[in-house]
Amino acid sequence: MPLPFLTADRGFDAGEDVALPFDDHDQWRRPYRPGPWRVGAAALALLLASFMLLATVIIAFAAAGTAAAICLAAASLVVLAALRLLRMGTWVSRHGVRRVGFLRTTTLPWSRAKAVRTVQQPVRWLGLPRTVQGQALVLVPNGAGDQVVLLTDHSADFLSRVEAFDRAADTVEAWNAEYAAAR
């Protein structure tokens, strides 16, 4: 017997593509959910951080203040890394497209985007140096400049989730079509 549940991202009688009434296109949003590989890696990092914090408490009770402070700082770095890992990806708003990496974030306004399209090309598997043939959503900037890879179907968000990649690519292309025309 199926039981209907309401969640934060679903409303009564809301279809898949219906915008929620509180959608604000001025806020940066990720047009897809983080994938299981990304969430799993962040969960493992947070589990490691919890053990590090437990070790910090044990070291602090042993009256080794400097060692406890070092252990606390290391656990804090692991927590921050896990949060940054969850924040990585492609974000869109009325102002442009933002590519959030682990150490660097780049923003490109829609007015500087010549085209956003899906292409077949070698892509990195889970962000590792190994490349495989796959699909990538690329942004071609106006004028000189290399194309920017926004999404790939072998990333931590879309590995083994082809439908999710297609929906996310279509969504980013739709944002480009809507706001690039408004330049």
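So, how was this worked out
- Throughout this document, residue positions are counted from 1 along each chain, in the order its sequence is written.
- Reporting of local features is limited, given that this is a predicted model, to residues whose pLDDT is at least 70; pairs of side-chain atoms are given and counted only at 80 or more, and all residues count toward the totals for whole chains, interfaces and linings.
- The side-chain quantities take in all heavy atoms of the structure and omit both hydrogens and water.
- What counts as a helix is a DSSP run of H or I of at least four residues, what counts as a strand is a run of E of at least two, and both are numbered from the N terminus.
- Polar contacts, as counted here, are pairs of nitrogen or oxygen atoms within 3.5 Å of one another; within protein the pair requires one atom able to donate a hydrogen and one able to accept it, and residues that are adjacent in sequence qualify only if both atoms are side-chain atoms.
- Note on pairing: DSSP must find at least two bridges between two strands before they are called paired.
- Here an axis means a line fitted to C-alpha atoms, over the contact stretch when the element is a helix, while the angle between two N-to-C directions is reported on a 0 to 180 degree scale.
- For this document, the term salt bridge refers to a Lys or Arg side-chain nitrogen within 4 Å of an Asp or Glu carboxyl oxygen.
- For every residue, the accessible area obtained with a 1.4 Å probe (protein chains only) is divided by the maximum for its type, and the residue is called buried under 20%, exposed over 50%, and partly exposed between those limits.
- For a helix, the expected span equals 1.5 Å multiplied by the number of residues minus one.
- Contacts are assigned to residue pairs that have any heavy atoms within 4.5 Å of one another.

Chemist: Mind laying out the environment of Glu-178, listing which residues take part and the relevant values?
Modeler: Structurally, Glu-178 can be placed in helix α3 (residues 162-180). Spatially, the C-alpha atom of Glu-178 lies 8.9 Å from that of Arg-94, the residues being 84 residues apart in sequence. A polar side-chain atom of Glu-178 sits 3.4 Å from a polar atom in the side chain of Tyr-179.

Chemist: Give me the sheet that holds strand β1 (residues 89-93): which residues, what numbers.
Modeler: On the basis of which strands lie adjacent, the open sheet formed by three strands has the order β1-β2-β3 and antiparallel pairing. Edge positions in the sheet fall to β1 and β3 (105-109), since each has one partner strand and no second. When the angles between neighbouring strand axes are averaged without regard to direction, this sheet yields 15°. Examined bridge by bridge, strand β2 (residues 96-100) and β3 share five bridges and lie antiparallel to one another. Looking across to β3, one finds that Gly-96 is bridged to Pro-109.

Chemist: Help me get a handle on the pattern of salt bridges, residues and values and all.
Modeler: Summed over all chains, the structure comprises two salt bridges. The partner of Arg-94 in a salt bridge is Asp-26, and the shortest N-O contact between them spans 2.7 Å. Of this pair, Arg-94 sits in the loop between β1 and β2 while Asp-26 sits in the segment before α1 (36-61), placing them 68 residues apart in sequence. You can call Arg-94 partly exposed: its relative accessible area is 39%. Here Asp-157 makes a salt bridge to Arg-38, at a shortest N to O gap of 2.9 Å. A residue pair is termed long-range when its members are at least 10 positions apart, and Asp-157 in the loop between β6 (148-152) and α3 and Arg-38 in helix α1 qualify at 119 residues. Per residue, the accessibility class of Asp-157 equals that of Arg-38, and both read buried.

Chemist: Talk me through α1; I want residue IDs and the actual numbers.
Modeler: The end-to-end C-alpha distance of α1, which contains 26 residues, comes to 37 Å, matching closely the 38 Å that a straight helix rising 1.5 Å per residue would cover. Residues of α1 that are buried include every one of Arg-38, Ala-42, Ala-45, Ala-49, Met-52 and Thr-56, and no others. Looking at the buried residues of α1, the elements they touch are α2 (65-87). Once α1 finishes, Ala-63 follows within two positions and takes phi at roughly 65°, a positive value.

Chemist: Kindly report on the sheet that holds strand β4 (residues 113-124), identifying the contributing residues and their values.
Modeler: The strand order across the open sheet formed by three strands is β4-β5-β6, and the pairing between neighbours is antiparallel. Strands at the two margins of the open sheet, each flanked by one partner only, are β4 and β6. Across this sheet, the average inter-strand angle for adjacent strands is 30°, counted without regard to direction. Two elements, β4 and strand β5 (residues 131-141), share eleven bridges in a ladder whose sense is antiparallel. Of the residues in β5, the one forming a bridge with Val-116 is Leu-139. Each of β4, β5 and β6 is contacted by α3, which is oriented at about 155° to β4, the strand it contacts most.

Chemist: Hey, could you go over unusual backbone geometry for me, with residue numbers and the actual values?
Modeler: Even without a glycine there, the phi angle at Ala-63 is positive, about 65°. Inspection of the secondary structure assignment puts Ala-63 in the loop between α1 and α2. Even without a glycine there, the phi angle at Leu-126 is positive, about 55°. If you trace the backbone, Leu-126 turns up in the loop between β4 and β5. Residue class for Leu-126 comes out partly exposed when judged on its relative accessible area of 23%.

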